[in-house]
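Descriptive structure summary
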Amino acid sequence: MALLFLLCAARTDAQPAARPFGTLREQAAMQQDWLRKRLDTFLPAIMRKHGIDMWVVPMREYNEDPVFTAVTSPETFAARRRTIYVFFDTCAAAGTAPSASCVQRIALGGTAQGGVFEARRSVQQAAGNIGRGRQAELWGDEQWQALKTVIDERNPSVIGIDRSTVFAFSDGLSSGELQGMSAALGEKWTSRFKNAEGLPLELIASRLPEEEAFFVRLQELVWSMTPEMFSSKVITPGTTKTSDLVWWWRQRVNDLGLGTWFQPSVDVQRKGASAEQVGDDPVIQPGDVLHCDVGLTVARLNTDTQHLAYVLRPGETDAPAGLRQALAHANALQDIVMSELRPGRSGNEILAASLARMRAQKIEGTVYSHPIGLHGHGAGPLIGLWDYQDGVPGRGDAKVIPSMWWSIELQATTPVPEWGGQPVRMAQEEDAIITADGKVRWALRRQDKLFLVR
């Protein structure tokens, strides 16, 4: 009992950690505003682009469609029993321009998501309402019949469903939900099913200018944390292990009230030593090249960053020229990929063009860049994988669109004279933004100088 009292007292007396992005309530209000604006801004045009006048997205609790976080309130953590979201383009038949007023948004089960959907409930009185006069929630076959009524009333030409053999983001319709929905709707409507494919992919990927401004703040935080982690404030050469930095990052993120979507990593390259000789969790030594891969998750948005550092030897004031040149090669490859990245091109086209230019500049490297946003490895085309440098069938064939974000992830390997010609791999990753008008820029900046651990 005494221990419990002390623990409670400690929690009461402790000062709350600084929250760089406001309280959870403030973040939720901001996300709710983004949700409405995203659906109003992007969804009508995307539905029209893909020739889908009705999009039906059913899901059950804890088996949510990947599009869930793109269409629900920040206060909703899971589907409610079963939730069926229906989007209908009332202007498609007339061919009038798509707009927010054209698309009806209906939730069969669940809530209105802060007024974003028209929420429909059962016509049955709740058996266990204890006098509160509430209607029962839609459930079981009644829910499918409610969907059929919605469809009958609107007579859509094409019903988009989330089924894909290529993109996980477009394959959220479970086999059980498809079976139940098909049995209830019958051949008349199931014959109008069309795999939505690009619709959920592009909706998930699309970002607002307001989100871009917030993303810049996330990058600023990352850029304040990585130099601190790669400094004498955290590293004591000869004592500190790479795992100490991994857990420093995790703890700092937690103390700030934030999250991360993957376990960070820190690795070492060392003169005269192979990766096997360095080991999985080495003690950091003077002369080491350090590399990290870290991320943040805030307000359902994610970052992905790889930065590099050099541990100065006694008497050194900078990294050897060969290491600086190795980083410059990676920067040159970044410039190539950024100049090839533009809306309308597929990931495979960007990869092929980038690698051709890389080889022409006699840089040895690989490109494996990916979209980012509501997911770390986000919705959209892949620009290579580390082990697929001839293109990625299917996932690399999708097209880049405006208003999406990217992690420009790649590496360049360069022989370093000061290390006896030993190849040194400079792996970099910085987040970039494609604006609504198709312009490409770094979300904040990219690393062109090694951090120095003194």
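Look a little higher up for the structure.
Scanning the chain for helices and strands turns up twelve helices and 17 strands. Considered along the principal axes of its C-alpha atoms, the chain spans approximately 80 × 70 × 35 Å. Across the 454 residues of the chain, 53% fall into the buried class. Long-range pairs, those at least 24 residues apart, make up 70% of the contacts in the chain between residues at least 6 apart in sequence. Here the chain carries 48 positive and 52 negative side-chain charges, and the mean point of each set is 3 Å from the other.

Moving on, we come to the state of the cysteines. By the definition in use, this model includes one disulfide. Bridging Cys-91 to Cys-102, the disulfide has an S-S length of 2.0 Å. Negative torsions about the S-S bond denote left-handed disulfides, and the value of about -90° found for Cys-91 with Cys-102 makes this one left-handed. Separated by eleven residues along the polypeptide, Cys-91 in the loop between β2 (82-89) and β3 (103-108) and Cys-102 in the loop between β2 and β3 bring together distant segments of the chain. The burial state of Cys-91 is the same as that of Cys-102; both residues are buried.

What follows deals with the sheet that holds strand β1 (residues 54-60). Taken in spatial order, the six strands of this open sheet run β4-β3-β2-β1-β5-β6, and their pairing is mixed. Strands at the two margins of the open sheet, each flanked by one partner only, are β4 (118-120) and β6 (193-195). The mean angle between the axes of side-by-side strands here comes to 25°, regardless of whether they run parallel or antiparallel. The sheet contact formed by β2 and β3 spans six bridges and is antiparallel. Opposite Phe-88, over in β3, you have Gln-104 as the bridge partner. In the packing of helix α5 (residues 141-154) onto the sheet, contacts are made with β1, β2, β3, β4 and β5 (159-161), and the angle to β2 comes to roughly 5°.

A separate point is unusual backbone geometry. Residue Gln-113 is not a glycine yet carries a positive backbone phi of 55°. Locating Gln-113 in the fold gives a position in the loop between β3 and β4. On the basis of relative accessible area, Gln-113 is assigned to the buried category, the value being 3%. A positive phi angle, close to 50°, is found at Asn-155, a residue other than glycine. Inspection of the secondary structure puts Asn-155 in the loop between α5 and β5. You can call Asn-155 partly exposed: its relative accessible area is 45%.

Rules used throughout
- Residues numbered from 1 in each chain as written.
- Predicted model: local features only at pLDDT ≥ 70, side-chain atom pairs only at ≥ 80, totals over all residues.
- Heavy atoms only, no water.
- Helix = DSSP H or I, 4+ residues; strand = E, 2+ residues; numbered from the N terminus.
- Buried < 20%, exposed > 50% of the residue type's maximum accessible area, 1.4 Å probe, protein only.
- Contact = heavy atoms within 4.5 Å.
- Lys, Arg positive; Asp, Glu negative; His and termini not counted.
- Charge placed at Lys NZ, Arg CZ, Asp CG, Glu CD.
- Disulfide = S-S within 2.5 Å.
- Pairing = 2+ DSSP bridges.
- Axes fitted to C-alpha atoms, helices over the stretch in contact; angles between N-to-C directions.

By themselves, these are just geometric observations and shouldn't be taken as functional.
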